[in-house]
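Residues per chain are reported as follows:
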Amino acid sequence: MNSSRQKQPILEVNNLHVEYPVNFRGGFRRQKKQAVNGVSFTIFPGECFTIVGESGCGKSSIIDAILGFVKIKTGTVLFEKQDLTKLTPKNFRKLRPKIQPVFQDYNQALNPHQRIEDIFRETLPKHLLESQTDQLLSSVGLSKEIIRCFPHQLSGGQKQRVVLARALSVNPALLLLDEPVTSLDMSVFVQIVELLISLRKTRNLTFLLVSHNLSIVHLLADRVAIMKNGQFLEQQPLTTLLRNPKHDYTKNFINQITQL
Amino acid sequence: MKILPQKTQTNQSMTSGCITIGLVFIFLLLGPLLTPINHTSQNLSASLQPPSSSHWMGTDYYGRDVLARLVFGGRITWIIAIASTFMAVNIGTIIGLFSAYQGGWIDLIVMRLVDVMLAFPKLFVVLLIVGLGASSTSLLIWVLALFSWMEIARIVRSEVMSQKNRTYIKSVRALGLRTPRIVFIHILPNVLGPVIVSSVLLISTIILVESSLSFLGLGVQAPSASWGSILNDGRIDPLGTWWLSVPAGLLILTTVIGFNLIGNGLHKQLDLKKIV
Amino acid sequence: MLNGIIRRILSAIPTLLVGITLCFLIIHLAPGNPATRFLNPSQTAATQEIIRERFGLNQSLPIQYFHWLKQVLFHFDFGYSFYNGKDCTEVLISALGPTIILSFWALVFALSVGISLGIFTALRADTHVDRVINSTMMIFLSTPAFWLGLMFIGLFTIHLNWLPGSHLHSLYYDQLDSFGQLLDSVRHLILPVFTLGLPLAATVFKYIRAGMIDALQSDYTLAARARGIRQSTILWKYSLKNSLLPLVSLLGVIIPALLSGAVIVEVVFALPGVGRAMVTAVFGRDYPILMAGASLAFFIVILFNIVADIFYRILDPRIRNSAGGL
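1. Quick word on the interface of chain C and chain B
Now for step 1: With 49 residues of chain C at the contact, the number on the chain B side is 44 residues.
Now for step 2: Surface buried jointly by chain C and chain B totals about 3,900 Å² across both partners, of which 82% is contributed by carbon and sulfur atoms.
Now for step 3: Inspection of the chain C/chain B interface yields zero salt bridges.
Now for step 4: Across the chain C-chain B interface, the total number found is three residue pairs in polar contact (both at pLDDT 80 or more).
Now for step 5: For the side of chain C that touches chain B, the secondary structure elements donating two or more residues are helix 1 (2-29), helix 5 (128-142), helix 6 (145-159), helix 9 (231-268), helix 10 (274-283) and helix 11 (287-315) of chain C.

2. Details of a nonpolar patch on the surface
Residue and element names in this part refer to chain C.
Now for step 1: The grouping of L2, I6, L10, I13, L17, L73 and F74 at the surface amounts to a nonpolar patch, some 710 Å² of accessible area in total.
Now for step 2: Per element, the largest residue contribution to the nonpolar patch is five residues, and it comes from helix 1.
Now for step 3: You can see L73 is positioned in helix 3 (residues 61-75).

3. What to know about the packing of helix 4 (residues 122-132) of chain B against helix 11 of chain C
Now for step 1: Two elements in contact, helix 4 of chain B and helix 11 of chain C, have axes whose closest approach is 11 Å; the angle formed by their N-to-C orientations is 160°. Classified by the angle between their axes, helix 4 of chain B and helix 11 of chain C sit roughly antiparallel to one another. Considering only the axes of helix 4 of chain B and helix 11 of chain C, their crossing is left-handed. For the pair helix 4 of chain B and helix 11 of chain C, the contacting residues are B:F124, B:L128 and B:L132 in the first and C:Y287, C:L290, C:G293, C:A294 and C:A297 in the second.
Now for step 2: Residues belonging to the contact of helix 4 of chain B with helix 11 of chain C are distributed by class as follows: seven nonpolar, one polar and no charged.

4. Some remarks on the sheet that holds strand 9 (residues 223-228) of chain A
Residue and element names in this part refer to chain A.
Now for step 1: Across the sheet, which stays open at both edges, the six strands sit in the order 6-7-8-3-9-10 with mixed pairing between neighbours. Both edges of this open sheet fall to strand 6 (99-102) and strand 10 (231-237), since each of them pairs with a single strand only. Pairwise comparison of adjacent strand axes, ignoring direction, gives a mean angle of 15° for this sheet.
Now for step 2: The pairing of strand 3 (residues 48-52) with strand 8 (residues 206-211) spans five bridges and is classified as parallel. Looking at the pairing, V52 lines up with S211 of strand 8.
Now for step 3: Packing against the sheet, helix 2 (residues 59-66) makes contact with strand 3, strand 6, strand 7 (174-178), strand 8, strand 9 and strand 10, and its axis sits at approximately 145° to strand 7.

5. Things to note about the nonpolar core
Now for step 1: Membership of the largest hydrophobic core comes to 172 residues, with the highest contact counts inside it found for B:L216 and B:W227.
Now for step 2: No other element matches helix 8 (residues 179-216) of chain B, which puts 18 residues into this core.
Now for step 3: Excluding residues that lie within four positions of it along the chain, B:W227 makes contacts with B:V24, B:L28, B:L70, B:G73, B:G74, B:T77, B:W78, B:A248, B:L251, B:I252 and B:T255.
Now for step 4: Residues A:V102, A:Y106, A:V181 and A:L199 belong to the second largest nonpolar core, which totals 50 residues.

Rules and cut-offs
Throughout, residues of each chain are indexed from 1 in the direction in which the sequence is written. Labels are handed out in written order, letters beginning with A for the chains and numbers beginning with 1 for the ligands. With the structure being a predicted model, the display of local features is reserved for residues of pLDDT at least 70 and the display and counting of side-chain atom pairs for 80 or more, all residues being used for whole-chain, interface and lining totals. In computing side-chain values, all of the structure's heavy atoms are included and hydrogens and water are not. It only takes one pair of heavy atoms within 4.5 Å for two residues to be counted as in contact. A quick way to say it: buried area is the sum, across both parts, of accessible area lost when two parts are put together, with a 1.4 Å probe. Any carboxyl oxygen of Asp or Glu within 4 Å of a side-chain nitrogen of Lys or Arg constitutes a salt bridge here. Two N or O atoms count as a polar contact when they lie within 3.5 Å, although within protein this holds only if one can serve as hydrogen donor and the other as acceptor, and sequence-adjacent residues are included solely when both atoms are side-chain atoms. A helix here means a DSSP run of H or I that spans at least four residues, while a strand means a run of E at least two residues long, and both kinds are numbered starting from the N terminus. Patch definition: residues above 30% relative accessible area lacking any salt bridge, with like charges linked at up to 9 Å and the nonpolar side chains Val, Leu, Ile, Met, Phe, Trp and Tyr linked at up to 5 Å. We get accessible surface area from the Shrake-Rupley algorithm with a probe of 1.4 Å; when it comes to residues, only the shown protein chains can shield them. Fitted lines through C-alpha atoms give the axes, limited to the stretch in contact for helices. The angle between two N-to-C directions lies from 0 to 180 degrees. Note on terminology: angles under 35 degrees are roughly parallel, angles over 145 are roughly antiparallel, angles of 65 to 115 are roughly perpendicular, and the others are oblique. It is the rotation of the near helix from the far one that decides the hand of a crossing: anticlockwise by less than a right angle makes it left-handed, clockwise makes it right-handed. The residue classification treats Ala, Val, Leu, Ile, Met, Phe, Trp, Tyr, Cys and Pro as nonpolar and Asp, Glu, Lys and Arg as charged. All others, Gly included, are polar. For two strands to be treated as a pair, DSSP must find no fewer than two bridges joining them. The criterion is simple. A nonpolar core is a set of buried Ala, Val, Leu, Ile, Met, Phe, Trp, Tyr and Cys residues joined through side-chain atoms within 4.5 Å. Type-normalised accessible area, obtained with a 1.4 Å probe on protein chains alone, sets the label of each residue: buried when under 20%, exposed when over 50%, and partly exposed for intermediate values.

Dropping the structure here:
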């Protein structure tokens with residue numbers, strides 16, 4: 001891990017604040033809910049940075065903010081030295097393939113009206129479509145028979161593999177994993193985690209993992225940030241954190257891991 | 001939302017609705033074979049004749065064949081209803097998509113306009129415009145469409161709003177696809193279900209409004225006919241001249257029920273809970 | 001709470017302004033010209049000019065609009081009828097009486113029949129009784145009101161001669177004692193109220209039945225049953241309360257439908273209400289009455305929308321208790 005520290009960071013988030021308007025019927029006054037309240041972190045190429053916290057603590061909002069799906073109140077998001085918050089929509093769109101998300105709800109992650117082959121038709125060049133689709137599918141452990149299927153004909157694990165293949169189809173550098181295995185069955189869970197580990201090696205990927213599931217954190221994470229109420233309580237390499245937690249809140253988490 | 005027919009379940013209201021509409025359609029299509037008489041040819045000596053072998057459905061004041069007028073008037077009613085529904089659905093879908101995807105103050109203004117237009121009693125306004133203008137069929141179609149698109153726009157907007165934050169839309173946005181592609185390829189097909197259901201129900205509503213207008217003498221004008229105007233001919237003595245008032249009324253009723261049944265059937269088939 | 005109600009009322013002001021502007025535009029941009037009603041080729045150009053000036057029709061549309069708006073907003077003056085020169089406000093206020101009586105009783109009929117049948121069938125979902133009532137209601141929902149009215153008149157007035165089929169009172173109304181007058185009015189109202197109320201009852205029925213069935217199958221009802229709470233308590237306290245709530249917002253849909261229906265029913269039954277006045281005005285190209293009537297109808301709908309919203313907020317705890325809500 002020390003070697004990666006000397007490289008240029010791939011993603012740098014500084015003092016990020018995100019808030020959501022909370023609307024109610026017909027009212028004029030808009031209320032705001034603070035989701036992320038001054039968060040900073042840096043991710044280096046090849047590592048897996050993990051944000052751990054209870055649901056509702058604002059971890060998913062960080063992913064939405066990096067992807068430009070929510071308005072950032074203050075703060076900067078630097079991807080390979082470029083500030084995403086200052087890009088024009090057009091330039092941001094061109095940069096998007098570099099950062100790909102994988103979400104928790106695999107049931108909703110695929111367009112129900114699109115066959116699997118059509119998903120890849122959207123991003124892959126035409127002359128390479130067939131060969132690259134086969135290659136992508138086999139790299140996530142799917143057979144090519146499923147390309148004529150609609151999403152609802154696939155199992156949960158298969159869907160999540162398709163989601164991964166779709167993300168990989170645009171050659172990303174950074175994967176944002178938002179609870180990627182939480183809704184899967186235990187056996188499938190292990191398979192997908194193993195897949196993620198091997199993909200990270202073969203494709204030279206960087207991960208930003210967000211989870212409250214401690215088994216995956218244990219298996220994947222290099223550095224861990226503990227998040228509560230929109231703020232980081234502490235961030236440490238996983239081993240340091242396990243050995244020497246600073247906050248009581250963190251200690252509770254670690255107790256849960258060791259009990260597993 | 002599931003649009004793909006996953007289980008072919010017997011859907012009673014769908015079946016009976018399709019049969020009803022099919023029968024009325026066949027009547028309108030093959031009607032001229034039943035009666036050789038032109039729907040406008042008058043014969044004042046045979047005024048208000050009850051049904052007989054030469055006029056199966058009797059005659060009206062001017063001695064015109066009622067069966068021929070029912071067929072002709074029905075075609076007009078159907079054409080007006082389907083044409084204005086078609087336009088209303090297009091207008092509503094485009095405005096709804098636009099409003100939802102633009103968001104911000106554009107969305108606010110468009111939705112306020114929808115609220116305002118929904119607050120007008122539909123028959124009231126359509127009656128005004130059609131009554132003041134020289135009532136022509138094309139004006140009628142336009143006006144009916146212009147005051148019917150709001151509900152479609154609302155449904156499309158709320159569906160797009162809920163789809164917009166779905167994971168799959170976030171995912172394809174992250175892939176770097178262009179906005180028009182996301183809207184038309186990914187969002188539109190997924191909001192079509194509720195739109196289809198409400199358009200079928202809209203046909204019913206428009207038939208009721210059109211026949212009310214024609215009944216008041218403000219819709220389809222003589223010598224043309226619609227089911228509403230035929231009914232108006234029988235208003236002096238509704239049961240005495242039952243061949244003028246009963247068949248036309250039953251045809252309106254049957255058509256409206258038919259489309260409502262199909263709408264409800266589709267609603268069940270598509271497993272939609274949101275719209276009414 | 002009070003704050004919110006005031007805010008809701010204030011937020012209706014722009015809506016109202018846009019609405020009456022739309023009324024003006026619709027009427028003035030509709031094909032056909034108000035002046036044509038009074039002009040004919042036999043008049044000299046000078047006469048025609050005087051007529052135009054007399055009704056302010058020689059000015060540009062924006063000036064006509066602002067003049068009209070000023071009169072409406074500051075003097076509540078909608079001008080005078082082209083037809084008989086009466087004050088539009090007076091004409092409409094006198095026509096409002098029959099419309100309100102008709103609509104009120106139709107609404108009472110629709111709500112009582114719709115709600116009670118809705119509950120009745122929801123408790124017997126998928127039995128024969130349920131299916132029969134449900135189909136009957138479906139038929140009423142699809143029946144054109146004018147046809148229903150005609151059939152009623154044909155059967156009960158002309159054929160059986162049980163009930164009167166037109167006007168608010170009989171000709172000899174003034175000679176009756178007060179009980180006789182009441183009876184006479186009631187007899188005149190029965191057919192119009194049924195005609196207007198039955199399709200509405202079907203709408204209410206549809207919502208209540210669906211809402212009740214949902215509520216009866218919901219987890220909180222099952223949990224209440226599991227706790228051993230009495231069936232009647234569950235019914236009244238849990239299911240009905242939750243299925244009535246959508247009805248309040250349905251009011252916003254029912255009121256325009258009621259006004260549209262009133263037009264038809266008033267024409268069919270020759271009742272001197274707003275709807276009939278409007279139809280007469282359309283045929284007579286009586287622009288001031290039309291603008292006043294359209295604005296009035298719009299105002300009534302907005303008013304009931306506000307009332308429905310306020311009720312909704314009072315009844316729905318999710319909104320009532322939300323921070324800053326209402």
